[in-house]
Amino acid sequence: MKSLRDEWTYLVHSKYPIIAIIFPLIAVLGYSLLLPSSQINDANVVVVDQDNTAYSRELIQKIDASPYMNVAEIVSFTDNPEQYFYHEKYLAVISLPHGLEDNHHRSLSSRVGLILDNTNVQSITSIRTAMQEISVSENMELSVPAMLKTGMNAEQAQGALNGIALEVRSLFNPTNDYQNTTILAFTCMFSFMILNINSLPIVARLRVSKRLAAELQNPFNILLRILPYTLFSTAGLIFSLGMLKMFGGGRFEANPILFMIPVVLYVFGTVCFNVLVAWGAAHPGIAIGRMVMVLMPAFVLSGAVLSRSLFPPLAIQIGDFFPFVWMYKFLRTMGLRGASFQEMLPELGSMLLYVGVLSMLVIARALWEKQKLTKQTAGAAPEKGSPHPVIPASSTGGGLSMQGAPSAPMHEPIKRIESRL
């Protein structure tokens, strides 16, 4: 019972009761705002209209009218449909073949292509369902009048019942392998978590060990301390992805050497972000406690588990403040989708700019801290000395006196000796 009372007293006087109650409520509120709907509505799709007829345009209008799809772009031809998935603007490519209207009037079957990004199954389920509903509806509108006619041959009858045959092609992860989804996500998350645990207390550790003032003599020293984290975390992540591909059967199509560039930027930017978040922590324990401000938002908004298409635009913009979100975007596009390094140069330039801004903020924070410590040292220096300094001075009687004290003549002892003699 003594142990119970002791622990109860400790918890009551700590912040744990408030944290235990408030944080779940914050999580519920946060996820409710991030996920206003349990399904993806108006997912952006690209339509490749090779027929360019009145019927194809009518079919595009029906696709756009679906609550699950939004026709964001219409092109007449493409020989590389995978390119539309590289920058994560679109979730599907719908290909309308040449001769679609002619086959429709002749009651012949046409094959409409549906190309899906299968890196996140949750994001394409509604698109697949919507296209199946549209194809069934079109077939019914075509088959009912046609079946009422007479003199149809076997080919026409089959075409009337199956006017539009939907051909589905799932890209990048056709077998829904967990190695490319869940296992990959948690591998990156654990690497990210270890990086946060070790990099958040950098400044707090220097402060506790009384080395922060000396470290800030050169503000670039803080950035230099980030380099070992960059080396080991990059090596660990690349090594784990290689092990996942070689022994787990995971998919990784990027050049490992070129892929190291965004990973290095991600690690460096993350540590800079952590330094800024935990700068004011009094000791390392408080700094590590701030990991919840970095880990959970970055992991959730990265799309590692939940599709980013579920989030409102504001949440996606907030997610771009976390370097982990950028890294996972490169992992999906270069590693899983096989985009070339040149294709990702715009994103790489934006990431480089953002990491540069974070580095300058770290230097600015170090300079501000250095100035504050200098003022504190200058203010504390007079307090250590005496308010009335002791200054030797000569007295009127020819002796030495201390300022602020009665004079002590030097010849007084000699006079006393002469009088005795």
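Residue numbers here run from 1 along each chain, matching the order of that chain's written sequence. Local features in a predicted model are, by the rule used here, given only for residues with pLDDT of at least 70; side-chain atom pairs are given and counted only at 80 or more, and totals for whole chains, interfaces and linings are based on all residues. For side-chain calculations, the full set of non-hydrogen atoms in the structure is used, while hydrogens and water are omitted.

Draft legend 1. View of the overall build of the protein chain. Within the protein chain one finds 17 helices and seven strands. Think of it in three bands: with a 1.4 Å probe and only protein chains considered, a residue is buried below 20% of the maximum accessible area for its type, exposed above 50%, and partly exposed in between. Relative to its 421 residues, the protein chain shows a buried fraction of 41%. Here the analysis covers contacts within the protein chain between residues at least 6 apart in sequence; of these, 75% occur between residues at least 24 apart. Summed over its atoms, the accessible surface of the protein chain is roughly 23,500 Å², and 64% of this surface lies on carbon and sulfur atoms. The numbering of helices and of strands both runs from the N terminus, where a helix is a DSSP run of H or I of at least 4 residues and a strand a run of E of at least 2. For this analysis, residues touch if any pair of their heavy atoms sits within 4.5 Å. All accessible-area figures derive from a Shrake-Rupley calculation using a 1.4 Å probe, and residue coverage is judged against the displayed protein chains alone.

Draft legend 2. Seen up close, the nonpolar core. Buried Ala, Val, Leu, Ile, Met, Phe, Trp, Tyr and Cys residues form a nonpolar core when they are joined through side-chain atoms within 4.5 Å. Counting residues in each nonpolar core, the largest one holds 68 residues, and the members touching the most others are F259, Y266, F324, M327, Y328 and L331. Elements represented by at least two residues in this core include exactly α7 (182-199), α8 (202-208), α10 (220-248), α11 (256-277), α13 (295-301), α15 (323-336) and α16 (345-384). The leading source of residues in this core is α11, at eleven residues. Among residues more than four places away in sequence, those in contact with F324 are C188, F192, Y266, T270, A298, F299 and S302.

Draft legend 3. Fine view of the environment of G99. Within the secondary structure, G99 sits in the loop between β3 (92-96) and α4 (100-105). Residue classification places G99 among the buried residues on the basis of a relative accessible area of 16%. For the pair formed by G99 and T53, sequence separation is 46 residues and the distance between their alpha carbons is 8.9 Å. The contacts of G99, once residues within four sequence positions are left out, are D51 and S110.

Draft legend 4. Region of interest: the packing of aromatic side chains. Pairing of aromatic side chains requires ring centres within 6.5 Å, counting the rings of Phe and Tyr and the six-membered ring of Trp. Pairs whose planes differ by under 30 degrees are stacked, by over 60 edge-to-face, and all others tilted. Tallied over the entire structure, the rule returns eleven aromatic pairs. On the basis of an interplanar angle of 55° and a centroid distance of 5.5 Å, the ring pair of F273 and F322 is categorised as tilted. Of this pair, F273 sits in helix α11 while F322 sits in the loop between α14 (313-319) and α15, and the two are 49 residues apart along the sequence. F273 gets classed as buried once you look at its relative accessible area, which sits at 17%. What links up through ring pairs into an aromatic cluster is the set F186, F192, Y266, F299, F324 and Y328. Positioned over the ring face of W326 is K329, at 4.8 Å from the centre of the ring. Any Lys NZ or Arg CZ that is within 6 Å of a ring centre and within 35 degrees of that ring's normal is treated as a charge sitting over the ring.

Draft legend 5. Up close: a nonpolar patch on the surface. For patch detection, residues must exceed 30% relative accessible area and be free of salt bridges, and they are connected within 9 Å for like charges or within 5 Å for nonpolar side chains (Val, Leu, Ile, Met, Phe, Trp, Tyr). Any carboxyl oxygen of Asp or Glu that lies within 4 Å of a side-chain nitrogen of Lys or Arg is treated as forming a salt bridge with it. Together, F239, M243, M246 and F247 make up an exposed nonpolar region whose accessible area comes to about 510 Å². Its location among the elements puts M246 in helix α10. For M246, a relative accessible area of 64% puts it in the exposed group.

Draft legend 6. Layout of the pairing of strand β4 (residues 110-117). Counting buried positions along β4 yields seven of eight residues, so the element is predominantly enclosed. Following DSSP output, two strands are said to pair if at least two bridges run between them. Pairing analysis gives four bridges linking β3 to β4, with the strands arranged antiparallel. The residue of β4 that forms the bridge with V93 is I115.

Draft legend 7. Quick peek at the layout of surface pockets. Site definitions follow a grid-based scheme: protein atoms alone, a 1 Å grid, a 1.4 Å probe that fits but cannot get out for cavities, and for pockets an open set with protein on both sides within 12 Å along at least five of seven lines, plus lining residues having an atom within 4 Å of a point. Grid points are joined across faces, edges and corners, and a volume is the space filled by probe spheres set on the points. In this structure, the largest pocket spans a volume of roughly 770 Å³. Taken together, 36 residues line the largest pocket, and the ones lying closest to its centre are L91, S123, S307, R308 and S309. At four residues, the largest contribution of residues to the lining of the largest pocket is made by α15. In terms of residue class, the lining of the largest pocket is made up of twelve nonpolar, 15 polar and nine charged. Gly is put with the polar residues, along with every residue not named as nonpolar or charged; the nonpolar set is Ala, Val, Leu, Ile, Met, Phe, Trp, Tyr, Cys and Pro, and the charged set is Asp, Glu, Lys and Arg.

Draft legend 8. Highlighting the packing of α7 against α11. Axis angles are defined between N-to-C directions and span 0 to 180 degrees, where every axis is a line fitted to C-alpha atoms and, for a helix, only to the segment in contact. Look at α7 against α11: their axes get within 10 Å of each other, and the N-to-C directions meet at 40°. Accordingly, the angle class assigned to the pair α7 and α11 is oblique. As for how α7 packs across α11, the hand of that crossing is right-handed. Between α7 and α11, the residues in contact are F192, L195, N196 and S199 and Y266, V267, T270, V271 and N274, respectively. Per-class residue counts for the contact of α7 with α11 are five nonpolar, four polar and no charged. An angle below 35 degrees is treated as roughly parallel, one above 145 as roughly antiparallel, one from 65 to 115 as roughly perpendicular, and anything else as oblique. The sense of a crossing depends on the near helix, which, turned anticlockwise from the far helix by less than a right angle, makes the crossing left-handed and, turned clockwise, makes it right-handed.

Draft legend 9. Molecular detail of the pattern of salt bridges. Scanning the entire structure with this criterion turns up eleven salt bridges. K62 is the salt-bridge partner of E58, the closest N and O atoms lying 3.8 Å from each other. Note that E58 and K62 are positioned in helix α3 (residues 54-65) at a spacing of four residues, about one turn of the helix. Residue classification places E58 among the partly exposed positions, given a relative accessible area of 39%. The exposure class assigned to K62 is partly exposed, which follows from its relative accessible area of 27%. In this structure, the salt-bridge partner of R308 is E88, at a minimum N-O distance of 3.9 Å. Of the two residues, R308 is situated in the loop between α13 and α14 and E88 in the loop between β2 (69-75) and β3; the sequence distance between them amounts to 220 residues. One network of salt bridges, in which partners are shared, links E88, D117, R308, R332 and R337.

Draft legend 10. Spatial organisation of the side chain of T234. Tracing the chain through its elements places T234 in helix α10. Apart from residues no more than four positions distant in its own chain, T234 is found in contact with Y229, M260, V263, V264 and V267.

Draft legend 11. View of unusual backbone geometry. In this model, N52 sits at a positive phi of 50°, which is unusual for a non-glycine residue. With respect to the helices and strands, the residue N52 is situated in the loop between β1 (43-49) and α3. We note that E88 has phi near 60°; this positive angle belongs to a residue other than glycine.

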